[in-house]
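Listed below are the residues making up each chain.
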Amino acid sequence: MMVDKRHTAPSGSVAGAIPLYGFQPPVGTPYGLEVSTVEDFFAQHDDWPWNPPRPGRATFHYLIAVTEGELRHDVDHVTRTVAPGQWLWVRPGHALCWHPPGTARGPFILFEPDVLRPDLARLLAPLTAHDAPAVLSPHPDDTARLQQTALQLLDEHRALGRRPLDIHHALRRSLLESLLLRLANSPGIAPVGTATAGTGHADRYGRFLDALELHFRELHQAADYAELLGCSVRTLSRAARDATGKGVRELIDERRLLEARRLLRTARWDARTVAVHLGFTDPANFGRFFRDRTGLTPAAFAARAASAHG
């Protein structure tokens, strides 16, 4: 479970930085998948992480099916309200922040990206993408089946030892994939299979996006990502241009700029803190970076956003 004592900020982190949480399930939980309930999560933690609110980022997916009550949760500095029948999905790299416990009830599923088989991962790319909706409202015809599958997954997860471990894991993964394939039918999600299909370049570009979401604050060069992905800069650049028509450095800069806008507008961070968070060695360099791309200084952008929101 995502608990404070196991998910600590990396050493050397600076004030204002958002810590990155890794996946560390309880001892004995196999294969990068954990299933619980949101009410158990709240019951097991008296005041963390909602008192005081602690923003963070995760390297894994987690999703919550709200079956009763209402859940409030920040995703990318925006407060989302999740009603019964809806699902909250926090994807790797999203900025997240819990609100105080409420009346929400329902299954709570956490999993690492590589739990999904590669062929299913490609099919589900529109659902698992970083920019897919944080709150899903499945088709009414799917609501009961989704909840039933989630409860079956929870039951199988709790049945560790009932079956041989490989069978236990195969069942959990099969139930998870069935659940995600149904969720992929939700409004706002592109039809399954419409993502760039399994070419080497498309797969490499998808892996680059995953790496970018986790590392854009500290890695800013194409060579950094090529090394992570085990390919040449030229190969990575070709994959990026085939997918978007843009270069790798341009995509890195766009992601940093998007984060800067979010932090200045909705999180109300000051420019110096944003600069440090995004890996700029000098706030003046961040100011030039931001002004060149928006026509405004960070302070002017923040002031305009504050004025627009009253």
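Placed above this text is the structure.
The model shown is predicted, which means the values in this text are computed figures rather than measured ones.

The rules behind the values
Residues numbered from 1 in each chain as written. Predicted model: local features only at pLDDT ≥ 70, side-chain atom pairs only at ≥ 80, totals over all residues. Heavy atoms only, no water. Phe/Tyr/Trp six-rings, centres within 6.5 Å; stacked < 30°, edge-to-face > 60°. Helix = DSSP H or I, 4+ residues; strand = E, 2+ residues; numbered from the N terminus. Buried < 20%, exposed > 50% of the residue type's maximum accessible area, 1.4 Å probe, protein only. Lys NZ or Arg CZ within 6 Å of the ring centre and 35° of its normal. Patch = residues over 30% accessible without salt bridge, like charges linked within 9 Å, V, L, I, M, F, W, Y side chains within 5 Å. Areas by Shrake-Rupley, 256 points an atom, 1.4 Å probe, with all protein chains shown as cover. Salt bridge = Lys/Arg side-chain N within 4 Å of Asp/Glu carboxyl O. Pairing = 2+ DSSP bridges. Core = buried A, V, L, I, M, F, W, Y, C linked by side-chain atoms within 4.5 Å. Contact = heavy atoms within 4.5 Å.

1. Remarks on the packing of aromatic side chains
In this structure the tally under the stated criterion is 16 aromatic pairs. On the numbers, 5.9 Å between centres and 85° between planes, the contact of Phe42 with Trp98 is edge-to-face. You can see Phe42 sitting in helix H1 (residues 38-44) and its partner Trp98 sitting in strand E8 (residues 95-98), a full 56 residues away along the chain. Comparing Phe42 with Trp98 shows no difference in burial state: the two are buried. Note on Trp98 and Phe108: the rings are 5.8 Å apart at their centroids and 70° apart in plane angle, and the pair reads as edge-to-face. You can see Trp98 sitting in strand E8 and its partner Phe108 sitting in strand E9 (residues 107-111), a full 10 residues away along the chain. Both residues of the pair, Trp98 and Phe108, belong to the buried class. An aromatic cluster is built from Phe23, Phe41, Phe42, Phe60, Tyr62, Trp98 and Phe108, whose rings are joined through pairwise contacts. Sitting above the plane of the Phe216 ring, Arg217 keeps its charged end 4.6 Å from the centroid.

2. Focus on a nonpolar patch on the surface
Together, Tyr31, Leu160 and Leu165 make up a nonpolar patch on the protein surface, roughly 290 Å² of accessible area in all. Within the secondary structure layout, Tyr31 lies in the loop between strand E1 (20-21) and strand E2 (33-37). With a relative accessible area of 45%, Tyr31 lands in the partly exposed category.

3. Considering the sheet that holds strand E4 (residues 61-65)
Strand order in the open sheet formed by 5 strands is E2-E9-E4-E7-E10, with antiparallel pairing between adjacent strands. The sheet is open, and its two borders are formed by E2 and strand E10 (135-136), each paired with just one other strand. With 4 bridges joining them, E4 and E9 adopt antiparallel strand pairing. Of the residues in E9, the one forming a bridge with His61 is Phe111.

4. Notes on the pattern of salt bridges
Within this structure, the stated rule accounts for 13 salt bridges. Across the pair Arg255 and Glu213 runs a salt bridge whose closest N-O atoms are separated by 3.0 Å. One end of the pair, Arg255, is in helix H9 (residues 248-265); the other, Glu213, is in helix H6 (residues 200-215), with 42 residues separating them in the sequence. In terms of burial, Arg255 and Glu213 fall into one category: buried.

5. Concerning the nonpolar core
Core analysis: the biggest nonpolar cluster contains 32 residues, and Phe208, Tyr225, Leu236, Val274 and Phe286 have the highest contact counts within it. Mapped onto this core, the elements with two or more residues apiece are H6, helix H7 (222-229), helix H8 (233-244), H9, helix H10 (271-277), helix H11 (283-294) and helix H12 (298-308). With 7 residues, the top contributor of residues to this core is H9. Among all residues touching Tyr225, those that are not within four sequence positions of it are Phe208, Ala211, Leu212, His215, Phe216, Leu219, Leu236 and Ile252. Listed in part, the 26 residues of the second largest apolar core include Ala65, Leu120, Leu175 and Ile189.

Structural measurements only, silent on function.
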